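Structure at a glance
These are the residues of each chain, in order.
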Amino acid sequence: MKGHTRVHDGGCLCGSVRYQALGDPEWVAHCHCGSCRRNTGAVLATFAGFTTSSFRYVTGTPARYHSSPGVTRSFCPGCGTPLTYETERSPDEVHINLGSLDDPQSFVPTLHVHAAEQLAWLRVDDDLPRYARTPRDSKPIPRDRLGRGE
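What you are looking at is a predicted structure, and each value in this text was computed from that prediction instead of being measured.

**Quick notes on the nonpolar core**
Counting residues in hydrophobic clusters, the biggest one holds 15 residues, and the most contacted among them are F50, I96 and F107. Of all the elements in the fold, those that place two or more residues in this core are β2 (18–22), β4 (45–51) and β9 (93–97). Look past the residues within four positions of I96 in its chain and what remains in contact with it is Y19, A21, T46, F47, A48, F50, F55, L83, T84 and L101. With 11 residues, the next largest nonpolar core counts C36, Y85, L111 and V113 among its residues.

Below you can see the structure in the form of C-alpha cells.
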C-alpha cells in the first residue's frame, strides 16, 4: 500500500523499553539453536527479521550482550526480557523476538532454522521448510530425515 506503512509496537515485560518496527518483516522464522534457547529460556525462539532502518527504540535503552563472536543481543536491563538479535553476518537486519511484540499473532513463521539443533523430543507439526543452519548456508532437510538430529 503506497503511502501507508504498518507500525509494529513491542517492548519488554516491565514497559521500560519500547520499540517500533515499520512495514513488513523480511522473514519470520523459528530458531532451534542452543544459544537462542538459553537466551529466551524456551525450547525454541521465533524471530521476525526487519531492516535496521525500519526499527527504532522509542522508550528506554536496552542492555546489550555479545553472546558469541559477531552476535549482539539486546534485553531490558530491568526485567530481562530478550528483545533483539543482531549479527555481523546480516548487518542491515535486526531480528526481533516475536514474543516481545504487542501483536505477535500477526506474524506467521515461514521456516525453521538451525533445525540440526532441534530438541529430539520437540514435535512441531507444520510443513514449513527446515534448514540445518540457515537458508544461506544449507539446503532444506528432507521430511523423511527430520528428527534425526541432522
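**Observations regarding the sheet that holds β2**
In spatial order, the strands read β1-β2-β5; together these 3 strands make up an open sheet with antiparallel pairing. Two strands close off the open sheet at either side, each with one partner strand: β1 (7–11) and β5 (55–59). Recorded for the sheet is a direction-independent mean angle of 30 degrees between the axes of neighbouring strands. Alignment of β2 against β5, held across 4 bridges, turns out to be antiparallel. Counted as the bridge partner of Q20 is R56 from β5.

**Some thoughts on the sheet that holds β4**
Hydrogen bonds along the backbone pair up the strands of a sheet, which may run parallel or antiparallel. Read from one edge of the open sheet, 7 strands run β6-β7-β8-β9-β4-β3-β10, paired in mixed fashion. Both edges of this open sheet fall to β6 (63–68) and β10 (111–113), since each of them pairs with a single strand only. Pairwise comparison of adjacent strand axes, ignoring direction, gives a mean angle of 30 degrees for this sheet. When β4 meets β9, the two strands line up antiparallel, connected through 5 bridges. Paired with F47 across the two strands is N97, which belongs to β9.

**Re unusual backbone geometry**
One non-glycine residue with positive phi stands out, namely H114, at about 55 degrees. Mapped onto the elements, H114 comes out in the segment after β10. Look at H114 and you get partly exposed, because its relative accessible area is 22%.

**Observations concerning the packing of aromatic side chains**
Under the counting rule described, the total for this entry stands at 4 aromatic pairs. Each ring, one from Y19 and one from F55, has its centre 5.3 Å from the other, and the planes form 40 degrees; the classification is tilted. Here the residue Y19 occupies a position in strand β2, and F55 occupies one in strand β5, the gap between them amounting to 36 residues. The same class applies to Y19 and to F55, which are both buried. Taken together, a centroid distance of 6.1 Å and an interplanar angle of 55 degrees make the contact between F47 and Y85 tilted. Here F47, found in strand β4, pairs with Y85, found in strand β8 (residues 82–87); they are 38 residues apart in sequence, far enough to count as distant. By way of ring pairs, the aromatic residues Y19, F55 and Y57 are connected into one cluster.

Definitions and limits used
- Residues numbered from 1 in each chain as written.
- Predicted model: local features only at pLDDT ≥ 70, side-chain atom pairs only at ≥ 80, totals over all residues.
- Heavy atoms only, no water.
- Core = buried A, V, L, I, M, F, W, Y, C linked by side-chain atoms within 4.5 Å.
- Buried < 20%, exposed > 50% of the residue type's maximum accessible area, 1.4 Å probe, protein only.
- Helix = DSSP H or I, 4+ residues; strand = E, 2+ residues; numbered from the N terminus.
- Contact = heavy atoms within 4.5 Å.
- Pairing = 2+ DSSP bridges.
- Axes fitted to C-alpha atoms, helices over the stretch in contact; angles between N-to-C directions.
- Phe/Tyr/Trp six-rings, centres within 6.5 Å; stacked < 30°, edge-to-face > 60°.

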